[in-house]
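Chain by chain, the residues run as shown.
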Amino acid sequence: MKIDILTLFPEMFDALNCSILARAQKNNLIDISITNIRDYTKNKNKRCDDYSYGGGAGMIMTPQPLYDAINAVKKISGDGYVIYLSPKGTLLKQGKVEKLAKEHNHLILVCGHYEGIDERIIELCVDEEISIGDYVLTGGELPAMVLVDAVARYIPNVLGNEETTNEESFSTNGLLEYPQYTRPSVFMGLEVPQVLLNGNHGEVAKWREEQAKALTSKRRPDLLNKDKK
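Model, not experiment: these values are computed from the prediction. (Residues numbered from 1 in each chain as written. Predicted model: local features only at pLDDT ≥ 70, side-chain atom pairs only at ≥ 80, totals over all residues. Heavy atoms only, no water.)

## Structural notes on unusual backbone geometry
Looking along the chain, the bond that leaves arginine 183 and enters proline 184 is cis, with omega of 5°. Of note, proline 184 is situated in the loop between α6 (164-167) and β8 (186-187). Unusually for a residue other than glycine, methionine 188 sits at a positive phi of about 55°. What makes methionine 188 exposed here is its relative accessible area of 73%. (Helix = DSSP H or I, 4+ residues; strand = E, 2+ residues; numbered from the N terminus. Buried < 20%, exposed > 50% of the residue type's maximum accessible area, 1.4 Å probe, protein only.)

Structure representation (structure tokens):
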């Protein structure tokens, strides 16, 4: 998969060169490119923001640099699915993550900043607005990293074990993931449940399902009667 990220602060994305994402890029499973929106502004002072028509607090990202940056990326990498990371967007859930990974081989992520971007860019260039939660951040950079990390996990061979995504929280059954344990079997007086030590895979599967349902009922009862998409 090809992912282009458009941002005013490219240095923030150094975090994508670590851990699993670094390995995925090294193995050519995912290609992540960062574009500095300031490189496309025609303002002599490299400004990419201005006051809002109608008044109001904060600045708005101007349309020209964004428009030219998006089209420059498309010219280089080909047409892609353009996503604007915005608190006004559709809430990112596991179903959406899987859909993006399966249906698109090129994502273009637009990171807003300040009070947002000029609405005309959304009308002209954006295919979808996505939010990572009901709160506001200083910019779209962190949401973009969240989306990249979530989507990358569904690209074949990125995780190594393809069964990993089938049993985790919000996946196939829509439940939170069951509790996990590793060695030692006793730690600070707390023991691993005996069912996980007896080697009976049927009993283990039953226990995990029961635990997942109980945990979901306690912490996220809304998930029990709600479509994960």
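Here the narrative resumes, following the displayed structure.
## Observations regarding the packing of aromatic side chains
Under the criterion given, the structure shown has zero aromatic pairs. The aromatic ring of phenylalanine 9 is capped on one face by arginine 38, whose charged end is 5.8 Å from the ring centroid. (Phe/Tyr/Trp six-rings, centres within 6.5 Å; stacked < 30°, edge-to-face > 60°. Lys NZ or Arg CZ within 6 Å of the ring centre and 35° of its normal.)

## Here's the deal with the sheet that holds strand β1 (residues 2-7)
Strands sit in the order β2-β1-β6-β5-β7 across an open sheet of five strands; the sheet is parallel. If you trace the sheet from one side to the other, it starts and ends with β2 (31-36) and β7 (128-131), each paired once. When strand polarity is set aside, the average angle formed by the axes of neighbouring strands in this sheet is 30°. The sheet contact formed by strand β5 (residues 81-91) and strand β6 (residues 106-111) spans five bridges and is parallel. Paired with leucine 85 across the two strands is cysteine 111, which belongs to β6. (Pairing = 2+ DSSP bridges. Axes fitted to C-alpha atoms, helices over the stretch in contact; angles between N-to-C directions.)

## So, helix α1 (residues 19-26)
Turning to α1, its buried residues are Leu21, Ala24 and Gln25. For α1, the angular spread of buried residues about the axis comes to 95°, placing them on one side. Along α1, exposed side chains directed more than 90 degrees from the buried face belong to Ser19 and Lys26. In this fold, the buried residues of α1 make contact with β2 and α5 (141-152). A positive phi of about 60° marks asparagine 28, the residue just after α1. (Arc of directions from axis to C-beta. Contact = heavy atoms within 4.5 Å.)

## Focus: the nonpolar core
With 30 residues, the main nonpolar core has Ile3, Ile5, Ile83, Leu107, Leu109 and Leu147 as its most contacted residues. Looking at this core, the elements that each hand over two or more residues are β1, α1, β5, α3 (94-103), β6 and α5. The contact partners of isoleucine 83, leaving out residues within four places of it in the chain, are Leu100, Leu107, Ile108, Leu109, Val110, Glu128, Ile130 and Leu147. (Core = buried A, V, L, I, M, F, W, Y, C linked by side-chain atoms within 4.5 Å.)

## Describing the environment of glutamate 98
Secondary-structure assignment places glutamate 98 in helix α3. Residues glutamate 98 and glutamine 64, spaced 34 residues apart in sequence, show a C-alpha to C-alpha distance of 33 Å.

## Regarding the pattern of salt bridges
Scanning the entire structure with this criterion turns up eight salt bridges. Of the charged contacts, one joins lysine 96 and glutamate 128 as a salt bridge, the two residues approaching to 2.8 Å between their closest N and O atoms. With lysine 96 in helix α3 and glutamate 128 in strand β7, this pair connects stretches of sequence that are 32 residues apart. Given the relative accessible area of 16%, lysine 96 is considered buried. Take glutamate 128: its relative accessible area is 11%, and that puts it in the buried class. (Salt bridge = Lys/Arg side-chain N within 4 Å of Asp/Glu carboxyl O.)

## Thoughts on α5
End to end, α5 covers 16 Å across 12 residues, agreeing with the expected 16 Å (1.5 Å per residue, within 8%). Where burial is concerned, most of α5 is hidden: nine out of the 12 residues are buried. Looking at α5, one finds that the buried residues are Glu141, Pro143, Ala144, Met145, Leu147, Val148, Ala150, Val151 and Ala152. (Expected span 1.5 Å × (residues − 1).)

## Let's talk about the pairing of β6
Burial runs high along β6: six of the six residues are buried. Judged by which residues are buried, β6 turns out to be covered on both faces: His106, Ile108 and Val110 on one side and Leu107, Leu109 and Cys111 on the other are all buried. Note: β1 against β6, five bridges, orientation parallel. If you follow aspartate 4 over to β6, its bridge partner there is isoleucine 108. For the crossover that starts at β5, traverses α3 and ends in the parallel β6, the hand is right-handed. (Right-handed = clockwise from strand over helix to strand, strands pointing away.)

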